[in-house]
Each structure stands twice: as structure tokens, then as C-alpha cells.
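Summary of the model geometry
Next come the chains, spelled out residue by residue.
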Amino acid sequence: MADKLKFALALALLAAGVVGFYLLSEQALVLRVLAVLAGVAAGVAVASFSAPGQRFIGFARESVTETKKVVWPSRKETVQTTGLVFAFVVVMAVFLWFADKTLEWVLYDLVLGWK
């Protein structure tokens, strides 16, 4: 039950930040944005003390660890792969154009006799 209350309080703080943005409509934009950011920060802080918040933080840390394990392609590999994709798209476009024109010729000229 305590986790639900913490989560509800976090949502209320987030909503308070958004409401503050609109209530401060006469103020400078920086102050209005700071109100939203303060609401978000307070909501995240409260939510991080709940069990689901702790699980999310653990998940985020594990995700960062897994991302660091990924072997990212070099620039050369990326350019080569992109070139192959473009070449394949061109080949497929020519193939589909040829198939379309062939079917058009077969249907209109041979079958229907239209010219």
C-alpha cells in the first residue's frame, strides 16, 4: 500500500509541475519550465523510493551495462552496409519496374489486344 501512495504522490508532484507551468503564464518562460522540471524531479525522487521505482532503476542500470557490451560498427562498416542497402533498393526497383512493364505488355498487348 505504501508503494501505491508513493506512486500517487509522485504523479501528484508531476501534475503540480504541469499546473505550475500554466499558473505562471504571466512569468518568464524560464521560470515556467523550471516549475515543470521541479515537478518532474520531485516526482522521480519520490517514485524512486518505491519498489517499482527501485526495479526500474535496476533495469536502467542493467540496460546501460548491456549497451556498453555492444560492439558498434565502425564508420567504414556503416557506410558499406548503407551502400549495400541502397544498391539492393535500386536493384529491386528495376526488377519491379521490369515485372510491371512485362505484365502490362502481356495483359494489354497479348491478351486484350490494346495498343
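Look a little higher up for the structure.
Below or above, wherever it landed, is the structure these notes cover. Note that the structure is predicted; figures quoted are calculated from it, not measured. (Residues numbered from 1 in each chain as written. Predicted model: local features only at pLDDT ≥ 70, side-chain atom pairs only at ≥ 80, totals over all residues. Heavy atoms only, no water.)

**Quick look at the overall build of the protein**
To keep it simple, the criterion reads: The helix and strand labels rest on DSSP assignments: H or I over at least four residues marks a helix, E over at least two residues marks a strand, and numbering proceeds from the N terminus. In this treatment the radius of gyration is a C-alpha quantity, and the globule benchmark scales as 2.2 Å times the residue count to the 0.38 power. We call two residues contacting when some pair of their heavy atoms lies within 4.5 Å. The accessible surface values rely on the Shrake-Rupley method and a 1.4 Å probe; as for residues, cover is taken only from the protein chains in view. The sign given to each residue is positive for Lys and Arg and negative for Asp and Glu; His and the chain ends receive no count. Every charge is mapped onto a representative atom, which is NZ of Lys, CZ of Arg, CG of Asp or CD of Glu.
Looking only at helices and strands, the protein features four helices and zero strands. From first element to last, N terminus to C terminus, the protein shows the α and β order α-α-α-α. Scaling as 2.2 N^0.38, a compact globule of 115 residues should have a C-alpha radius of gyration of about 13 Å, whereas the protein reaches 29 Å, well beyond that. Seen along its three principal axes, the alpha-carbon backbone of the protein occupies a region of about 75 × 40 × 35 Å. Considering only residue pairs separated by 6 or more positions, the protein has 46% of its internal contacts joining residues 24 or more positions apart. With the model as given, the accessible surface of the protein reaches about 9,600 Å², and the carbon-plus-sulfur share is 75%. One finds the centroid of the 11 positive side-chain charges in the protein at a distance of 10 Å from the centroid of its 8 negative side-chain charges.

**Details of the environment of P52**
Going by this rule: Only protein chains enter the area calculation, which uses a 1.4 Å probe; residues under 20% of their type maximum are buried, those over 50% are exposed, and those in between are partly exposed.
Locating P52 in the fold gives a position in helix 3 (residues 51-69). Given the relative accessible area of 41%, P52 is considered partly exposed. C-alpha separation for the pair P52 and D3, spaced 49 residues apart in sequence, amounts to 7.8 Å.

**Digging into the pattern of salt bridges**
Threshold: Salt bridges are defined by distance alone: a side-chain nitrogen of Lys or Arg within 4 Å of a carboxyl oxygen of Asp or Glu.
As enumerated under the stated definition, the model contains two salt bridges in all. The partner of K69 in a salt bridge is E66, and the shortest N-O contact between them spans 3.2 Å. Taken as a pair, K69 and E66 lie in helix 3 at a separation of three residues, close to a single helical turn. Overall, the relative accessible area of 56% leaves K69 in the exposed class. K101 is the partner of E104 in a salt bridge, and the nearest nitrogen-oxygen pair spans 3.2 Å. Note that E104 and K101 are positioned in helix 4 (residues 75-111) at a spacing of three residues, about one turn of the helix.

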